[in-house]
Amino acid sequence: MRFFATVGGSASETNIEAKVLASSPIMEAIGNAKTTRNDNSSRFGKYIQIGFDKRYHIIGANMRTYLLEKSRVVFQAEDERNYHIFYQLCASASLPEFKELGLTCAEDFFYTSQGGDTSIEGVDDADDFEKTRHAFTLLGVKESHQTTIFRIIAAILHLGNLEIQGERDGDACSVSSEDEHLNNFCGLLGVEHSQMQHWLCHRKLITTAETYVKNMSVQQVVNARNALAKHIYAQLFNWIVQHINKALHTTVKQHSFIGVLDIYGFETFEVNSFEQFCINYANEKLQQQFNSHVFKLEQEEYMKEGIPWTLIDFYDNQPCIDLIEAKLGILDLLDEECKVPKGTDQNWAQKLYDRHASSQHFQKPRMSNTSFIVLHFADKVEYQSEGFLEKNRDTVYEEQINILKASKYQMVADLFQDEKDAAPTTSVGKGTSKISVRSARPVIKAANKEHKKTVGHQFRNSLHLLMETLNATTPHYVRCIKPNDEKLPFKFDPKRAVQQLRACGVLETIRISAAGFPSRWSYHDFFNRYRVLMKKRDLSKNDKKQICQTLLEDLIKDPDKFQFGRTKIFFRAGQVAYLEKLRADKFRAATIMIQKTVRGWLQRVKYKRLRRAAIVVQRYTRGHLARRLAEHLRRTRAAIIFQKQYRMLRILRAFQRVRNATVTIQAFARGMFVRRIYRKILAEHKAIILQKYARGWLARTRFRRVRGATIVLQCYYRRMKARQELKALKIEARSAQHLKKLNIGMENKVVQLQRKIDEQNKEYKLLNEQLSTLASAHSSEVEKLKKELVQYQQGHRGDGNQLVSLQEEMEHLRLELEKALGERKVVEDSYVKEKDLLRKRISDLEEENALLKQEKEELNSRILCQSQDEFARNTVEENIQMKKELEEERSRYQNLVKEYSRLEQRYDNLRDEMTIIKQAPGHRRNPSNQSSLESDSNYPSISTSEIGDTEDVIQQVEEVGMEKAAMDMTLFLKLQKRVRELEQERKKLQTHLERKEQESKKSQVIETKTEVTSDHEDFAYNSLKRQELESENKKLKNELNELRKAIADRATQNNSSNDIQDGYNLLLNQLKSANEELEVRKEEVLILRTQIMKAAQQKETGKNMENITTDASWPNSDKHIDQEDAIEAYQGMCETNRLLEAQLQDQRREHEEEVEALKNEVDAMKEELEKQQQAFLQTLQLSPEAQVEFGLQQEITRLTNENLDLKEVLEKLEKNEKKLKKQLKIYMKKVQDFEASQATVPAERRQHERNMQVAVQRKEKDFQGMLEYYKEDEPLLIRNLITDLKPQTVSATVPCLPAYILYMCIRHADYINDDQKVHSLLTSTINGIKKVLKKHNDDFQMTSFWLANTCRLLHCLKQYSGDAGFMTQNTPKQNEHCLKNFDLTEYRQVLSHLSIQIYQQLIKIAEGILQPMIVSAVLENESIQGLSGVKPMGYRNRSSSMADGDSSYSLDAIIRQLNMFHSVMCDQGLDPEIVQQVFKQLFYMINAVALNNLLLRKDVCSWSTGMQLRFNISQLEEWLRGKNLQQSGAAQMLEPLIQAAQLLQLKKKTSEDAEAICSLCTSLTTQQIVKILNLYTPVNEFEERVTVAFIRDIQTHLQERNDPPQLLLDFKHMFPVLFPFNPSSITMDSIHLPASLHLEFLNKV
């Protein structure tokens, strides 16, 4: 059943297979019991029919039961038990829900203790009971019904413990009304106590005249009680089976079924009763069916294969079956005797003797008149007739049944309803479902024909139905053989096993098979198995059947030992063993030949090794003798040299003694004369010194007197100035807070007003321009009029009236001009007035803004106090709580992913160590790359933990052994210690290297500081250069587009080869013109540089001659230049000068580098020369033969080195040649395609259109967004695309290009429906990414690159998965690129885990870079100039970390680093949401580290640090706004640090200040606020420390807060990351594969 349920499965989500399996523990509990031969013997027959649909999925099941052994409920033999359910319920009686059942242990009840021991070894009844209850629940049995079932079972146990008291000489009896078990029985079944007490001891007799109530004897009451118990249990059994069938029933049409028959086997005991008779009768029927099926199939096999065969008769047990079930057989006589009013078992036995004495299968025992023997197919069995009639009738009194029908529990009442109603529903053929109820009115019950059927009749009918089912299906048999009857392990009883084999008919089957051909082979299998025995000429034939016949005729001489069928070869017993022996002999001979050859080869190898060893020994011996002779010669020569030197030294010492004596005499004489002269000079010198010191003392006393008076005057003056400055500082300090309050929020208003002023200035300029245009127009008109007037005067001098009119007109125009000038003055005056009004309005608005803010804060406080009822607050709190739980769950999940990756890494390290330990069992050397591997890994390896070392040693002791582990433990610990030392040395070297780099950076910074604003100039120069290059690039792009358009036009319009040649000529001409223009641009740049150089030189000379003043005059014009223009010109000259200086410095650096390179080459040449000289000296000391040999060795080494260098050069040239060839092929292909397309253009327009359509279709067909590769190219794909790929390679392409390429490969594998290829590619991709990340565990760019690609691959798998939720933003073209065959949901989960790991590694790298910079840049660096001189009290003469040191960083360094992070992530196409989460995490770390240092350092808790800190935070916030990261939540991470800075700047005296601090510092905990106040240090002696009373006042205000107890923030805390779905708008067919990736083996589909 478990096999069918696992293989078949179910067609729906109802889990019908689990229900089918769940029926087994229930049926075992209520139908199995312990017997003398089996601890779990099935005491009923069971047939389960499992139904299947057309797809062979389980859709339902049905169960039939046969002949439940009800007598076991009231009686058990010695060493047997009742049904398991009774003992399970007693074992669980202590449970709370079973207290009302009134149960104790099983030994206390009569029905469960008759067999002796109530327990089974190795079986836990309580545990089995839990399984039974779980099975009830799985099958849909309600809890109320389960409780009723257990109540009924408990009531049966209590019924068995009733105490029956006899009366009146045994003719009557009674049950006490106070009997505890009777009360429990009635209470559990819900029946009336008095009626049950009465009818247990009485019975009713109904006649035609009247009704009698008769007392029963004690034995009759006991029989009636037992019958009632059996009937209750049988009805409960039937109800459970019926409910199981309902649970397993289905309405789906059944296509086929499999029936599983689990029925009792053949039984024979010392006392055999009615149950054993029915069981053996069923086994007779099943054995008959088995014989006819098995033997018939065996003979049909021979007939089908066409083998001559004589039919073998087998044993037929039909006479035995006729004895039992035929007319007037045993069952018929039993039913007839049951109908007799006073029938007895003895009368029935006598009828059997009379009727069947002559039957060969029936015998009468010699010593008994109540028993009979039936000769079954397995054995003869003696049955005792006592109890046959009673068990066949199965009678219970109707009065007791009526009481049970009136139960207050519906289920109990339903169990005992009339069976004519229940019969149609229980169509499962239960053998024990029909119970005859004896009644005093036989006439009334005679109408119900169901009560006439006895147990034997019902069993016979159900058995016939079973046989019909078996005959209509294909049966398969499983025979269970018990090794012994004692239920002991590892004990085999041969006699008992043979008896069971004979009873099962297995021996008969073996006899039939042995008489025929038991072994058989198909021709194909025989040929493959025994082809080693065939000859080569036979194998050349094509007919395998003929080859097999030839082989068997040659090997087996007796033709009767085998037969050839149509498809198989049949063998007699023993022939296959003979063929196997021949085959083994053939293999043995071949094996001996192979061994002979291998052993000879091994001996030859050994001889050669010994010969080489002897030659080596001889060579070393001869060398030793030669070296000893050379040593003797060298010692002789050395002795001669020693003698020579000694003689020389002796003569030299004698000469030196004479010479020294002469020199000593001369020295003493000369010294005497010199000392005389010296004493005279010394006396004169002392006199001069006395004079010098006396004069100096006089001069110094005069100087001290003058300096003292000057210092006194300076002190008085400085004290006066200091007091004045002190008063000014006090006034400024007192008014600073007021100014801050006034300036809060006014910056935006001032900016807005400033914008308004700018707009009005623009309007004013526009008005001025309009006035100027009007004035110019007016002047031009006046001139025109003057000219016309002159003309009129010349032409018409006599016309005076016209002159007067013209003069009037001129006066009119003058009036208009004056009027316009007046209007202009009015406009200017109004502008000035409006400007003054705006200024006043700005001040008024500022005051109103302050008032409105105060009112707004008051209204907000009132609204917060009075608004939002309890329901709204509760919903808000619930939402917040749900969000917190979601974040915590996500963080726990990602921590688990992180822990999994760490454990995975630890597992890899342990596996590597175990392989090293296993490979070198003795003395082991530590691998040289172990420390590097450990340092490269992201996670702590096993070598860094002494606890891990000891654990590995313990594990090694368990695996290898105590002795070996004891030897290796000390060595292993030494190796671990050595690894740690190497790791420390590596870290020291790394820190030293970083320090050197920082020093070099600082030196560069110092050099750049010496140049005034050189960075700004370089930036300006670079920006100008970039703009020029961009403009040139745009021009070239435009020209390229024009070229492409020209070629396309030529291709579509021209129809002859002349046009093609013209297109080529046009292309060449334009390229030449582009090159010429480029050369012209280069020349212009050179000319500009020379002009800049000249201008700089002129400027330097002019600067020395004259100074720049506000009214500067220029030599080339008489006009005076404005001051701003002069300053701009001066700055431009300065910039050119600095550019020239930067170029000179670059040239100087290049020159110095070249000089250093030349010096290094000279040094290398010197070293080589010295080596050659040393070698030459060594060769001179050697013999001539050795000199020749040494010279040859030197020449060989030199030639090999040169050869290696040439090989490297050759390899590089070959690589370049291959690249050029590939490019040449590509270009040639393009040219050929272009020529072919041009050549195929016809003359007619219609043909041209048709060809154009074909080309368009070909373009759509060429590439469909899939890439094909062969299986063997997968490692190359992973290496080129993942392992060896650098981000710079694909920086100029589409972002996340590797992810798109991988998806196109996956899509092709999905297109061809190759699941192995998909699985292999995804697994290799994930492993390759992990390998790259492990190798580059400290590279931010590489980690960010693979995070972007992994997320993009995950998005692609979602976007093209076919799920409607991910396809909402897809275009129709993108929907065509979806996966068709595979669901990669599990791989999406794996990629999600990998993305989380990469994100955590990225955060770790970024934090490692930023963490050393935070304290120095945020807390200590002086971003606002002038605050460094204001130090806290007590720290003026102390060097703090604010001083410039080796590890100091500025805030600009952090911002540059953040810019680098942001540019890298954006350039690599990382999702904006992930970028925001990264910076949120980094800003949290900045806040935590800075705040923790602030809380632990007293020297930074001051007003100046707060101001500096607030400025630094504003810079970071400005950076976030500039990068459009306001929505990321990074600014909110800095809120605690902002409030700490404000806390340092606020007043800390009055209670109002305390309330302001409490309302402001909401993100700081109480401990943090108190800690900062305790650490606060005044800036100077005029400020005051925070008083203890003020701190206590703060604590009282903050008592209502429920802040966490910790003081410091966890800067290692990591927020859970989210990867929102971000579909791509790029289609797969638009992606181009660059040649730099070397993916030529990928084919576009």
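Above this note sits the structure.
Residues numbered from 1 in each chain as written. Predicted model: local features only at pLDDT ≥ 70, side-chain atom pairs only at ≥ 80, totals over all residues. Heavy atoms only, no water.

The strand order across the open sheet formed by three strands is 10-11-12, and the pairing between neighbours is antiparallel. Looking at the sheet topology across the chains shown, the edges are occupied by strand 10 (362-363) and strand 12 (380-384). Bridging between strand 10 and strand 11 (residues 371-375) involves two bridges; their strand directions are antiparallel. Each residue of the ladder has a partner; that of Gln363, found in strand 11, is Ile373. (Pairing = 2+ DSSP bridges. Helix = DSSP H or I, 4+ residues; strand = E, 2+ residues; numbered from the N terminus.)

Here we come to a nonpolar patch on the surface. Nonpolar side chains collect at one region of the surface, where Ile594, Val598, Trp601, Leu602 and Val605 lie side by side and expose about 460 Å² of accessible area between them. Positionally, Leu602 belongs in helix 24 (residues 575-743). When its relative accessible area of 44% is taken as the criterion, Leu602 is described as partly exposed. (Patch = residues over 30% accessible without salt bridge, like charges linked within 9 Å, V, L, I, M, F, W, Y side chains within 5 Å. Areas by Shrake-Rupley, 256 points an atom, 1.4 Å probe, with all protein chains shown as cover. Salt bridge = Lys/Arg side-chain N within 4 Å of Asp/Glu carboxyl O. Buried < 20%, exposed > 50% of the residue type's maximum accessible area, 1.4 Å probe, protein only.)

When the terminal C-alpha atoms of helix 2 (residues 16-31) are compared, their 22 Å separation across 16 residues agrees well with the 22 Å that a helix rising 1.5 Å per residue should span. Burial runs high along helix 2: twelve of the 16 residues are buried. Among the residues of helix 2, Ile16, Glu17, Lys19, Val20, Ala22, Ser23, Ser24, Ile26, Met27, Ala29, Ile30 and Gly31 are the ones counted as buried. (Expected span 1.5 Å × (residues − 1).)

What follows deals with the packing of helix 2 against helix 4 (residues 125-138). Contact geometry for helix 2 and helix 4: axes closest at 8 Å, N-to-C directions at 135°. The orientation of helix 2 relative to helix 4 falls into the category oblique. Pair helix 2 / helix 4 crosses with left-handed handedness. Judged by residue contacts, Ala18, Lys19, Ala22, Pro25, Ile26 and Ala29 of helix 2 engage Thr132, Ala135, Phe136 and Leu138 from helix 4. When its residues are assigned to classes, the contact of helix 2 with helix 4 shows eight nonpolar, one polar and one charged. (Axes fitted to C-alpha atoms, helices over the stretch in contact; angles between N-to-C directions. Parallel < 35°, antiparallel > 145°, perpendicular 65-115°, else oblique. Left-handed = near helix turned anticlockwise from the far one by under 90°. Contact = heavy atoms within 4.5 Å. Nonpolar A, V, L, I, M, F, W, Y, C, P; charged D, E, K, R; others polar.)

There is a patch of like negative charges on the surface, built from Glu1150, Glu1152, Glu1153, Glu1154 and Glu1156. Counting through the fold element by element, Glu1156 comes out in helix 33 (residues 1123-1181). Given the relative accessible area of 49%, Glu1156 is considered partly exposed. (Lys, Arg positive; Asp, Glu negative; His and termini not counted. Charge placed at Lys NZ, Arg CZ, Asp CG, Glu CD.)

On to the pairing of strand 8 (residues 211-215). Of the strand pairs in this sheet, strand 7 (residues 202-206) and strand 8 are connected by five bridges, and their pairing is antiparallel. What sits directly across from Arg203, in strand 8, is Lys214. What sits between the antiparallel neighbours strand 7 and strand 8 is a turn of four residues.

Next up on the list: the sheet that holds strand 4 (residues 58-66). The strand order across the open sheet formed by three strands is 4-3-9, and the pairing between neighbours is antiparallel. Looking along the sheet, the strands with just one partner apiece sit at the ends: strand 4 and strand 9 (256-262). For this sheet, the mean inter-axis angle between neighbouring strands, taken without regard to orientation, is 15°. Its contacts with the sheet place helix 18 (residues 455-471) against strand 3 (45-52), strand 4 and strand 9, and it is angled at close to 145° to strand 4.

Counting 124 residues, the largest nonpolar core has Ile1301, Leu1458, Phe1479, Phe1483 and Leu1642 as its most contacted members. Excluding its chain neighbours within four sequence positions, the residues that come into contact with Phe1479 are Leu1458, Phe1461, His1462, Met1465, Trp1519, Leu1525 and Ala1530. By size, the runner-up hydrophobic cluster in this structure holds 82 residues, among which are Ile16, Val74, Phe129 and Phe416. (Core = buried A, V, L, I, M, F, W, Y, C linked by side-chain atoms within 4.5 Å.)

As for its position among the elements, Leu1544 is in helix 46 (residues 1535-1545). Along the chain, Leu1544 and Ser1504 lie 40 residues apart, while their C-alpha atoms are 8.4 Å from each other. Those residues in contact with Leu1544 that sit more than four places away from it in its chain are Leu1494, Val1500, Cys1501, Ser1502, Trp1503, Gly1506, Ile1572 and Tyr1576.

Our focus in this paragraph is the pattern of salt bridges. Scanning all chains against the criterion turns up 27 salt bridges. For Asp79, the salt bridge is made with Lys34, and the minimal N-O distance between the two is 3.6 Å. You can see Asp79 sitting in the loop between strand 4 and helix 3 (84-91) and its partner Lys34 sitting in the loop between strand 1 (32-33) and strand 2 (41-42), a full 45 residues away along the chain. Residue Asp79 is classed as partly exposed on the basis of its relative accessible area, which comes to 38%. Exposure remark for Lys34: the relative accessible area of 8% places this residue in the buried category. Here Lys391 makes a salt bridge to Glu275, at a shortest N to O gap of 3.1 Å. Taken together, the residues span a long stretch of sequence, with Lys391 in helix 13 (residues 388-393) and Glu275 in helix 9 (residues 274-305) at a distance of 116 residues. Linked by salt bridges that have partners in common, Arg43, Glu69, Arg72, Glu80 and Glu267 make up one network.

The first and last C-alpha atoms of helix 23 (residues 544-555) sit 17 Å apart over twelve residues, in line with the 16 Å expected at 1.5 Å per residue. Among all positions of helix 23, only Ile547, Cys548, Gln549, Thr550, Leu551 and Leu552 are buried. The N-cap residue of helix 23 is Asp543: its side-chain oxygen and the backbone nitrogen of Lys545 are 3.2 Å apart. (Polar contact = N/O pair within 3.5 Å; in protein donor to acceptor, adjacent residues only side chain to side chain.)

Per the stated rule, a full pass over the model turns up 31 aromatic pairs. Taking 5.5 Å as the distance between ring centres and 90° as the angle between the ring planes, the aromatic pair formed by Trp348 and Phe372 counts as edge-to-face. Separated by 24 residues along the polypeptide, Trp348 in helix 12 (residues 345-356) and Phe372 in strand 11 bring together distant segments of the chain. When its relative accessible area of 0% is taken as the criterion, Trp348 is described as buried. By relative accessible area, which is 0% here, Phe372 ends up buried. When the ring of Phe372 is compared with that of Tyr383, the centres are 5.5 Å apart and the planes differ by 35°; the resulting orientation is tilted. One end of the pair, Phe372, is in strand 11; the other, Tyr383, is in strand 12, and eleven residues separate them in sequence. For the pair formed by Phe372 and Tyr383, the shared burial category is buried. In textbook terms, an aromatic cluster arises when at least three aromatic residues are bridged by ring pairs, as seen for Phe274, Phe277, Trp348, Phe362, Phe372, Tyr383 and Phe388. Over the aromatic face of Tyr1269 sits the side chain of Lys1317, whose NZ or CZ is 4.3 Å from the ring centroid. (Phe/Tyr/Trp six-rings, centres within 6.5 Å; stacked < 30°, edge-to-face > 60°. Lys NZ or Arg CZ within 6 Å of the ring centre and 35° of its normal.)

The values reported here are purely geometric and, on their own, carry no functional implication.
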